[in-house]
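What follows is each chain in one-letter form.
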Amino acid sequence: MWTLEIEPSGPAPVAAAPGQFNMLTAFGVGEAAISLSGDPAEPGRLVHTIRAVGPVSRALAQLRPGAALGLRGPFGAGWPMAEAAGRDVVIMAGGLGLAPLRTAIHRLLTERARYGQVLVLYGARSPADILFRRELETWRRRLDVEIEVTVDHAAVSDWRGHVGVVTTLLGRASFDPANTVALVCGPEIMMRFSAAALADAGVRAEATYLSMERNMKCAIGLCGHCQFGPVFICRDGPVFRYDRIAALLRHKEL
Amino acid sequence: MSAAVKEIEEIVREHPFFEGLLEPFGKLISGCAKNAHFQPGEYLFHEGDSADQFYLIRQGCVALEIKAPGRGAITFQTVREDEVVGVEWLIPPYRWSYDARAVEFTRAIAMDGACLRGKCEADHDLGYEVMKRFMPVLIQRLQAAQMQILDVYGE
């Protein structure tokens with residue numbers, strides 16, 4: 001896992017909204033869509049967190065400080081921060097899915113008085129895989145936000161916190177489901193189960209948002225690589241209202 | 001009815017696991033119950049032991065663990081207040097398949113599984129009531145295990 005802090009060398013970048021993404025180019029290798037994971041209050045510092053799994057992300061992860069890379073963006077529809085104002089906000093993140101939500105969490109905490117209860121429920125594979133651990137611990141010390149972390153499994157000597165899937169945290173959380181906006185990001189299976197658990201808890205599908213991931217190329221809805229049924233993830237998403245994609249998520253072919 | 005017995009019955013019926021339990025069932029079930037507490041690090045039971053109890057957790061946290069060669073003990077689930085530890089008392093051969101360790105000071109109601117099985121055999125309405133409450137625990141555990149096996153977060 002690598003976090004890149006990018007300083008623009010050209011004109012001032014367009015301010016990105018939480019949940020949007022940029023296309024990053026490793027010169028001579030290729031381009032990849034990477035969500036912004038930094039603090040939106042610092043627009044001059046573009047932060048992206050990547051998992052080095054493919055040729056482009058591996059090349060990006062190997063860049064040394066001062067190296068140049070290409071960037072275009074920001075693209076896509078982000079998290080519904082305006083809609084969340086005045087309401088409780090439940091954030092459910094799984095694995096690397098915490099990165100695209102980190103911008104939303106920063107925004108919520110910066111403008112804390114605008115929102116009701118703020119809960120962050122995060123599931124990771126093991127204690128060693130917890131992303132932004134120091135930051136989670138800092139947020140957890142605040143009295144105006146509830147941060148809960150669970151892992152799928154843990155060595156006894158490593159961990160004294162929750163062990164179990166992320167949906168188990170929901171039952172213990174205190175919020176008003178009828179007046180809640182839920183933001184969910186993680187592996188697609190985790191998001192499906194989380195959206196179902198949120199619905200069981202009384203959160204409306206219309207107030208539940210998922211950040212989808214598909215192979216994106218052009219980022220402007222032209223090439224069709226990220227087509228998801230009738231929508232393009234890059235142009236119409238990556239953040240979608242759950243009721244608009246729930247039926248699509250059930251199709252194995254998509 | 002003695003004060004101690006009444007107190008146990010109240011505790012059992014107020015525990016979320018037995019929420020809404022009819023009074024006659026509450027009396028029957030409470031007859032198999034006793035208070036228990038565990039210090040941090042103390043084991044409730046060990047893998048391979050006879051599973052003759054289950055526990056309604058009132059306070060604290062219990063880690064369910066399995067020993068893996070070369071990896072030590074691995075926690076696969078934590079159970080906290082308002083939840084229940086143990087389903088093996090329901091199913092032959094009534095044997096624990098993991099260890100349960102108190103992570104912090106833990107107060108619980110320990111239910112005698114053989115006692116409750118006997119009462120469920122004698123009164124199938126009670127048996128159905130108990131099964132309705134344990135089945136969601138079993139299904140949730142199964143679903144959680146499916147997610148954990150899929151290892152959705154990857155390397």
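Rules behind the numbers
Residues numbered from 1 in each chain as written. Chains lettered and ligands numbered in written order. Predicted model: local features only at pLDDT ≥ 70, side-chain atom pairs only at ≥ 80, totals over all residues. Heavy atoms only, no water. Helix = DSSP H or I, 4+ residues; strand = E, 2+ residues; numbered from the N terminus. Rg over C-alpha atoms; globule rule 2.2 N^0.38 Å. Buried < 20%, exposed > 50% of the residue type's maximum accessible area, 1.4 Å probe, protein only. Contact = heavy atoms within 4.5 Å. Salt bridge = Lys/Arg side-chain N within 4 Å of Asp/Glu carboxyl O. Arc of directions from axis to C-beta. Polar contact = N/O pair within 3.5 Å; in protein donor to acceptor, adjacent residues only side chain to side chain. Disulfide = S-S within 2.5 Å. Buried area = accessible area lost by both parts, 1.4 Å probe. Nonpolar A, V, L, I, M, F, W, Y, C, P; charged D, E, K, R; others polar. Pairing = 2+ DSSP bridges. Right-handed = clockwise from strand over helix to strand, strands pointing away.

Novice: How should the overall build of chain B be read in this particular structure?
Specialist: Check the secondary structure of chain B and you find 4 helices and 8 strands. For chain B, the C-alpha radius of gyration of 16 Å lies close to 15 Å, the compact-globule estimate for 155 residues. Summarising its shape, the C-alpha atoms of chain B cover approximately 55 × 30 × 25 Å along the three principal directions. Relative to its full complement of 155 residues, chain B shows a buried share of 45%. Within chain B, contacts between residues at least 6 apart in sequence are counted, and of these 71% link residues at least 24 apart.

Novice: Even after reading the chapter, I still don't get the pattern of salt bridges, so can you show me in this structure?
Specialist: When charged atoms on two side chains of opposite charge get close, those side chains can pair. Tallied over the full model, the rule gives 21 salt bridges over all chains. Linking Glu83(A) and Arg87(A) is a salt bridge whose minimum nitrogen-to-oxygen distance equals 3.3 Å. According to the relative accessible area criterion, Arg87(A) is buried, its value standing at 13%. Of the charged contacts in the structure, one is a salt bridge between Glu129(B) and Arg133(B), with a shortest N-O distance of 2.8 Å. Taken together, the residues span about one helical turn, with Glu129(B) and Arg133(B) both in helix 4 (residues 124–150) at a distance of 4 residues. Under the relative-accessibility criterion, Glu129(B) is labelled buried at 14%. Taking relative accessible area as the criterion, Arg133(B) reaches 15% and is therefore assigned buried.

Novice: Could you clarify how one ought to interpret helix 3 (residues 113–122) of chain B in this entry?
Specialist: Since one α-helical turn is 3.6 residues long, residues separated by three or four positions face the same way. Residue and element names in this part refer to chain B. What helix 3 keeps buried is the set Gly113, Leu116 and Cys120. The buried residues of helix 3 occupy an angular sector of 70 degrees when the element is viewed end-on, so they sit on one face. More than 90 degrees from the buried face of helix 3, the exposed residues found are Glu121 and Ala122. A distance of 3.0 Å separates the backbone nitrogen of Ala114 from a side-chain oxygen at the start of helix 3, and that oxygen is part of Asp112.

Novice: Is there a simple way to explain the state of the cysteines in this structure?
Specialist: Here is the idea: a disulfide is a covalent bond, and it sits between the sulfur atoms of two cysteines. Tallied over the entire structure, the rule returns 1 disulfide over all chains. Disulfide pairing is shown between Cys32(B) and Cys115(B); the S-S distance is 2.0 Å. Torsion about the S-S bond of the Cys32(B) and Cys115(B) cystine: about -70 degrees, corresponding to left-handed handedness. A residue pair is termed long-range when its members are at least 10 positions apart, and Cys32(B) in the loop between helix 2 (23–30) and strand 1 (33–38) and Cys115(B) in helix 3 qualify at 83 residues. Exposure remark for Cys32(B): the relative accessible area of 5% places this residue in the buried category. Cysteine Cys223(A) is unpaired, with the sulfur of Cys218(A) as its nearest cysteine sulfur at 3.8 Å. A relative accessible area of 36% means that Cys223(A) is categorised as partly exposed.

Novice: Explain the environment of Val163(A) to me, please; I cannot follow it from the model alone.
Specialist: Looking at where Val163(A) falls in the secondary structure, it is placed in strand 10 (residues 162–163). According to the relative accessible area criterion, Val163(A) is buried, its value standing at 5%. Sequence separation of Val163(A) and Ala124(A) is 39 residues, and the distance between their C-alpha atoms is 9.6 Å. Ignoring any residue separated from it by four or fewer positions in sequence, one finds Val163(A) in contact with Thr150(A), Val151(A), Asp152(A), His153(A), Ala154(A), Thr75(B), Phe76(B), Gln77(B) and Thr78(B).

Novice: Got a minute to help me understand the interface of chain A and chain B in this structure?
Specialist: A common measure of how large an interface is: the accessible area buried when the components associate. Listed as interface residues are 23 residues of chain A and, on the opposing side, 22 residues of chain B. Counting the surface lost from both chain A and chain B, the interface buries some 2,100 Å², and carbon and sulfur atoms represent 54% of this. At the surface where chain A touches chain B, the tally comes to 2 salt bridges. For the salt bridge of Glu83(B) with Arg172(A), the shortest nitrogen-to-oxygen distance reads 3.0 Å. For the pair chain A and chain B, the number of links is 9 residue pairs in polar contact (both at pLDDT 80 or more). The leading source of residues in the side of chain A that touches chain B is helix 6 (residues 188–200) of chain A, at 3 residues. Among the residues forming the side of chain A that touches chain B, the class breakdown is 11 nonpolar, 7 polar and 5 charged. In this structure, strand 9 (residues 154–155) of chain A lies alongside strand 5 (residues 72–80) of chain B, joined through 2 bridges in antiparallel fashion. Residue Ala155(A) lies in a different strand from strand 5 of chain B, and its bridge partner there is Ile74(B).

Novice: Got a minute to help me understand the pairing of strand 8 (residues 146–151) of chain A in this structure?
Specialist: Along any regular strand the residues' side chains alternate between the sheet's two faces. All names here are of chain A. With 5 of 6 residues buried, strand 8 lies mostly within the body of the structure. One ladder, built from 6 bridges, connects strand 7 (residues 118–124) with strand 8; its direction is parallel. Looking at the pairing, Tyr122 lines up with Val149 of strand 8. On the question of chirality, the crossover connecting strand 7 to the parallel strand 8 by way of helix 4 (residues 133–140) is right-handed. Pairing of strand 8 with strand 10, which is carried by 2 bridges, proceeds in the parallel orientation. Among the inter-strand pairings, Thr150 is bridged to a residue of strand 10, identified as His162.

Novice: It is not clear to me how the side chain of His48(A) should be interpreted in this structure. Could you clarify?
Specialist: Residue and element names in this part refer to chain A. Its place among the elements puts His48 in strand 4 (residues 46–50). Its relative accessible area of 0% is what places His48 among the buried residues. Within the local environment of His48, its side chain forms a polar contact with the side chain of Asn22, the two groups lying 3.2 Å apart. Not counting residues within four places of it along the chain, the set of residues in contact with His48 comprises Trp2, Thr3, Leu4, Ile6, Asn22, Leu24, Ile34, Ser35, Leu36, Ser37 and Leu71.

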